[in-house]
Amino acid sequence: MIPRIDDAEAAARALARAESILVITGAGMSAESGIPTFRGPDGLWEGRSVEDVATPEGFARDPAGVWQWYSDRRRNCLQTEPHAGHVALARLEHGHRAPVTIATQNIDGLHRRAGSGDVIELHGSLFTTRCSKCSHQVPEDRAFYSEPPTCEYCGAPMRPGVVWFGEMLPADRLLRAQALSQECDVVLVVGTSAVVQPVASLPLYARHSGATLVEVNPQETPLTPVCHFAFPHAAGEVLPQLVDRALAMVE
Ligand code: BV8
Ligand code: ZN
């Protein structure tokens, strides 16, 4: 299927007619809010090895260094705002009669701050901290300690409440996202390089179950060839127009 690149009218019509919409977002969704993506010229991981900062082994080797990296990201996030693309997705949820769920890989909290209600944070959140040993978890909104705090229950170092490579995603969240990917009739995939598993498989489950795939990404991804629509432009540009058109068609 060759994607009909810029058929915004047809893509909006598919969204308007949808009985269930799943939105899958990645770091590119937050790029226009000033949060760097991971892969790419000025990517977060540029010059840094993923193994050092986004794995349990990396944290065990250098808890303070990894903690600091996430504290810096949390501080940056708190200085950013959701952009028009985030707001458009919240408008879609509140303006459409169909359920709209966002399954995000992002840990920045911007979807919720934009007003989206049904958000599944598949890779956790910058704003929770949990014990690296027991199940103790605390909300972490502003603390920027130089060292990771220790768990008040077991004394082990606390760690960012995110999912690192080699770690399972929270089962309840993943199962819900997988179920939605097989039930929804439109999947909107925004700002992800579509390489990190298991999230990268969700659009394929949806496609296999007959859903219409719409991608918004300035770059081609492994998903692009199997999308019904692919808009090679920024999220903040495409989403407000697409949502406006779709909501205007919703009976
Ligand atoms: C697991 C932590 C198993 C939080 C992250 C070989 C084959 C298949 C899989 C694997 C394999 N080897 C290892 C694996 C598994 C591994 C994986 O998938 N590796 C990949 C790299 C091959 N996955 C895991 O380890 C997962 N766990 O599999 O557990 C298991 C089984 C049993 C028992 C135990 C364990 C865990 C994955 C989660 C890892 N944690 N982050 C954090 O620090 O944020 S992943 C990290 O990558 C982020 O969460 C990020 O969201 C995610 C995906 O990246 P993207 O969001 O797509 O961002 P990226 O920069 O890549 O791309 C941005 C895109 O935006 C680009 O396409 C760009 O063009 C676009 N863009 C830019 N500007 C805009 C834009 N789009 C729109 N508008 C714009 N303005
Ligand atoms: Zn503990």
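Everything that follows concerns the structure shown earlier in this document.
Residues numbered from 1 in each chain as written. Chains lettered and ligands numbered in written order. Predicted model: local features only at pLDDT ≥ 70, side-chain atom pairs only at ≥ 80, totals over all residues. Heavy atoms only, no water.

Chemist: Give me the overall build of the chain: which residues, what numbers.
Modeler: If you tally the helices and strands in the chain, you get nine helices and nine strands. The C-alpha radius of gyration of the chain comes to 18 Å, within 12% of the 18 Å expected for a compact globule of 251 residues. If you line up the chain on its principal axes, its C-alpha atoms span 55 × 35 × 35 Å. Across the 251 residues of the chain, 53% fall into the buried class. Restricting the contact set of the chain to residue pairs at least 6 apart, pairs at least 24 apart contribute 70%. As presented, the chain carries roughly 11,300 Å² of accessible surface, and 53% of it is formed by carbon and sulfur atoms. Charge-centre separation for the chain: the mean point of 21 positive side chains lies 2 Å from the mean point of 30 negative side chains. (Helix = DSSP H or I, 4+ residues; strand = E, 2+ residues; numbered from the N terminus. Rg over C-alpha atoms; globule rule 2.2 N^0.38 Å. Buried < 20%, exposed > 50% of the residue type's maximum accessible area, 1.4 Å probe, protein only. Contact = heavy atoms within 4.5 Å. Areas by Shrake-Rupley, 256 points an atom, 1.4 Å probe, with all protein chains shown as cover. Lys, Arg positive; Asp, Glu negative; His and termini not counted. Charge placed at Lys NZ, Arg CZ, Asp CG, Glu CD.)

Chemist: Could you give an account of the coordination of the zinc ion (ligand 2), naming the residues involved and the relevant values?
Modeler: Distances from the zinc ion (ligand 2) to its protein donors, Cys131 (SG), Cys134 (SG), Cys151 (SG) and Cys154 (SG), fall at 2.2 to 2.3 Å. What the four donor atoms of the zinc ion (ligand 2) show is an angle range of 98 to 122 degrees at the metal, which sorts the shape as tetrahedral. All donors of the zinc ion (ligand 2) belong to a single chain; written as a sequence motif, their spacing is C-x2-C-x16-C-x2-C. You can see Cys131 sitting in strand β4 (residues 124-131) and its partner Cys154 sitting in the loop between β5 (137-139) and β6 (158-162), a full 23 residues away along the chain. With a relative accessible area of 40%, Cys154 lands in the partly exposed category. (Donors = N, O, S within 2.8 Å, 3.2 Å for Na, K, Ca; no water. Tetrahedral: all angles 85-135°; square planar, octahedral: opposite > 155°, others 65-115°.)

Chemist: Outline the pattern of salt bridges, listing residues and values.
Modeler: According to the stated counting rule, one finds nine salt bridges in the structure shown. With a shortest N-O distance of 3.2 Å, Asp72 and Arg75 are connected by a salt bridge. One end of the pair is Asp72 and the other is Arg75, both in helix α4 (residues 63-78) and three residues apart, which spans about a single turn. Its relative accessible area of 37% is what places Asp72 among the partly exposed residues. (Salt bridge = Lys/Arg side-chain N within 4 Å of Asp/Glu carboxyl O.)

Chemist: Run through the packing of aromatic side chains, naming residues and quoting values.
Modeler: Scanning all chains against the criterion turns up four aromatic pairs. Note on Tyr70 and Trp164: the rings are 6.1 Å apart at their centroids and 55 degrees apart in plane angle, and the pair reads as tilted. Residue Tyr70 is located in helix α4, and its partner Trp164 is located in the loop between β6 and α7 (171-183); the two are separated by 94 residues in the primary sequence. Given the relative accessible area of 3%, Trp164 is considered buried. Put simply, the rings of Phe59, Trp69, Tyr70 and Trp164 pair up and form one aromatic cluster. The aromatic ring of Trp67 is capped on one face by Arg74, whose charged end is 5.5 Å from the ring centroid. We note Arg159 situated over the ring of Trp164; from NZ or CZ to the ring centre the distance is 3.8 Å. (Phe/Tyr/Trp six-rings, centres within 6.5 Å; stacked < 30°, edge-to-face > 60°. Lys NZ or Arg CZ within 6 Å of the ring centre and 35° of its normal.)

Chemist: Break down the sheet that holds β5 for me, citing the residues and quoting the values.
Modeler: Sheet architecture is open: three strands sit in the order β5-β4-β6, paired in antiparallel fashion. Two strands lie at the open edges of the sheet, namely β5 and β6, each paired on one side alone. For this sheet, the mean angle separating the axes of adjacent strands, direction not counted, is 40 degrees. As defined by bridge partners, β4 adjoins β5 across three bridges and the pair is classed as antiparallel. Residue pairing in the sheet places Arg130 in a bridge with Gln137 of β5. (Pairing = 2+ DSSP bridges. Axes fitted to C-alpha atoms, helices over the stretch in contact; angles between N-to-C directions.)

Chemist: I'd like a rundown of the nonpolar core, residues and numbers included.
Modeler: Val23, Leu188, Val190, Leu239 and Leu242 are the most contacted members of the largest nonpolar core, which has 28 residues in total. Sorting the residues of this core by element identifies α1 (8-17), β1 (21-25), α5 (84-95), β2 (100-104), β7 (186-190), β8 (212-216), β9 (229-231) and α9 (235-249) as the ones contributing at least two each. With six residues, α9 is the largest single contributor of residues to this core. Residues within four places of Leu239 in sequence aside, it is in contact with Met29, Gly85, Ala88, Leu89, Leu188, Val190 and Val216. Membership of the second largest hydrophobic core comes to 21 residues, among which are Leu180, Val187, Val199 and Leu223. (Core = buried A, V, L, I, M, F, W, Y, C linked by side-chain atoms within 4.5 Å.)

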